Amino acid sequence: MDESTGEIGLFEAIYSQRAIRSFKPDPVPDELIERVVEAATKAPSGGNSQPWAFIVVRDPVTRAELGAIARQTFDGMYQAALGRAQPGDPPPFPKLKVMVDHIDDIPVWIAICLTMPGSPGAYGSIWPAVQNLLLAARGLGLGAVLTGLLGGPGLEQTRKVLGIPDEVEPVAFVPLGFPDKQRYGPTTRRPLSEVLHWERWEEGKANTAKMPYRR
Ligand SMILES: Cc1cc2nc3c(=O)[nH]c(=O)nc-3n(C[C@H](O)[C@H](O)[C@H](O)COP(=O)(O)O)c2cc1C
């Protein structure tokens, strides 16, 4: 860690960035939000098209409206999962539920929008920015997670609340805040030995990489 800025190095950020779903209600200084968004804008994009826009929501009234949409979406997912559950199964989505139970306390939401949907490779030009944003949050001691809770069945409502025009597609919704009852990584990821193929495809590795990672 750099003692003068409190910032951590790139590799420490990469190795410890993880989905944070528990946030302190403390506001996030605008300066930090701007740094996170600016880091996102440093990402590569096809032909340097930079087809992105970021809607930052701090206003409590708007956050409450978004919270209501997220709760509704989550309730649908939760009930559907309960319907599929076998006797004795643990309750579904335990981590996400904690976030949704405290959703109005999340101090900031960032909607990451694709301004040129439909163009070739459009999505490939937005996800690197999303990853930069998540890493920058980690680097500044903030927590964040990618969620779809404001999309799916609630997308039209979300569009309305945020005034997103038809030609713009929100692709990711990221709550941002200081982590509360959760730690950063180390992350649990497939080991290199299962995913790194030297020189050509190594038979045997393909199968492990196709399985959902549940460790
Ligand atoms: C495309 C994408 C969609 C995701 N959607 C959600 C989501 O809707 N809700 C959520 O809580 N986490 C979501 N996540 C976060 C993942 O669940 C998380 O990154 C993964 O489980 C690894 O957890 P970790 O980062 O804590 O190690 C999403 C991640 C990606 C890349």
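Refer to the preceding data block for the structure.
What counts, and at which threshold
Residues numbered from 1 in each chain as written. Predicted model: local features only at pLDDT ≥ 70, side-chain atom pairs only at ≥ 80, totals over all residues. Heavy atoms only, no water. Axes fitted to C-alpha atoms, helices over the stretch in contact; angles between N-to-C directions. Helix = DSSP H or I, 4+ residues; strand = E, 2+ residues; numbered from the N terminus. Parallel < 35°, antiparallel > 145°, perpendicular 65-115°, else oblique. Left-handed = near helix turned anticlockwise from the far one by under 90°. Contact = heavy atoms within 4.5 Å. Nonpolar A, V, L, I, M, F, W, Y, C, P; charged D, E, K, R; others polar. Buried < 20%, exposed > 50% of the residue type's maximum accessible area, 1.4 Å probe, protein only. Arc of directions from axis to C-beta. Near = heavy atom within 4 Å. Polar contact = N/O pair within 3.5 Å; in protein donor to acceptor, adjacent residues only side chain to side chain. Areas by Shrake-Rupley, 256 points an atom, 1.4 Å probe, with all protein chains shown as cover. Salt bridge = Lys/Arg side-chain N within 4 Å of Asp/Glu carboxyl O.

On to the packing of helix α3 (residues 60-84) against helix α4 (residues 94-101). Here α3 crosses α4 at 150°, and the two axes come no closer than 10 Å. The angle between the axes of α3 and α4 places the two elements in the roughly antiparallel class. Helix-helix and strand crossings are classified by hand; for α3 and α4 the assignment is left-handed. Facing α3, whose interface residues are Arg 71, Phe 74, Met 77 and Tyr 78, α4 presents Leu 96, Lys 97 and Val 100. For the contact of α3 with α4, the per-class residue count stands at five nonpolar, no polar and two charged.

Let us look at α4. Quick reminder: α-helices carry 3.6 residues per turn. Residues three or four places apart thus point the same way. Buried within α4 we find Leu 96, Met 99 and Val 100. Taken end-on, α4 shows its buried residues confined to a sector of 95°, consistent with a single buried face.

The next subject is the site of the ligand. The full set of residues close to the ligand is Arg 18, Ala 19, Arg 21, Leu 96, Val 145, Leu 146, Thr 147, Gly 148, Thr 187 and Arg 189. A distance of 3.1 Å separates a nitrogen atom of the ligand from a polar backbone atom of Leu 146. Measuring from an oxygen atom of the ligand, one finds a backbone N or O atom of Gly 148 at 2.9 Å. Coverage of the ligand by the protein amounts to 56% of the 630 Å² it exposes when considered alone. In terms of residue class, the shell around the ligand is built from four nonpolar, three polar and three charged.

As a further point, take the packing of helix α2 (residues 30-40) against helix α5 (residues 127-139). Two packed helices can be described by the angle between their axes and the distance between those axes. For the pair α2 and α5, the least separation of the axes is 7 Å and the interaxial angle reads 145°. Judged by the sense of rotation from one axis to the other, the crossing of α2 with α5 is right-handed. Taken together, the residues of α5 that come into contact with α2 (itself represented by Val 36, Ala 39 and Ala 40) are Ala 129, Asn 132, Leu 133, Ala 136 and Ala 137. Residues belonging to the contact of α2 with α5 are distributed by class as follows: seven nonpolar, one polar and no charged.

Moving on, we get to the pattern of salt bridges. Oppositely charged side chains are able to pair whenever their charged atoms sit close together. A full pass over the atoms with the stated rule returns five salt bridges. Here Arg 71 makes a salt bridge to Asp 104, at a shortest N to O gap of 3.7 Å. Of the two residues, Arg 71 sits in helix α3 while Asp 104 sits in the loop between α4 and β2 (108-114), which places them 33 residues apart along the sequence. Overall, the relative accessible area of 32% leaves Arg 71 in the partly exposed class. Its salt-bridge partner being Glu 156, residue Arg 159 comes within 3.8 Å of it at the nearest N-O pair. With Arg 159 and Glu 156 both in helix α6 (residues 155-162) and three residues apart, this pair spans about one turn of that helix. Since its relative accessible area comes to 52%, Glu 156 is described here as exposed.

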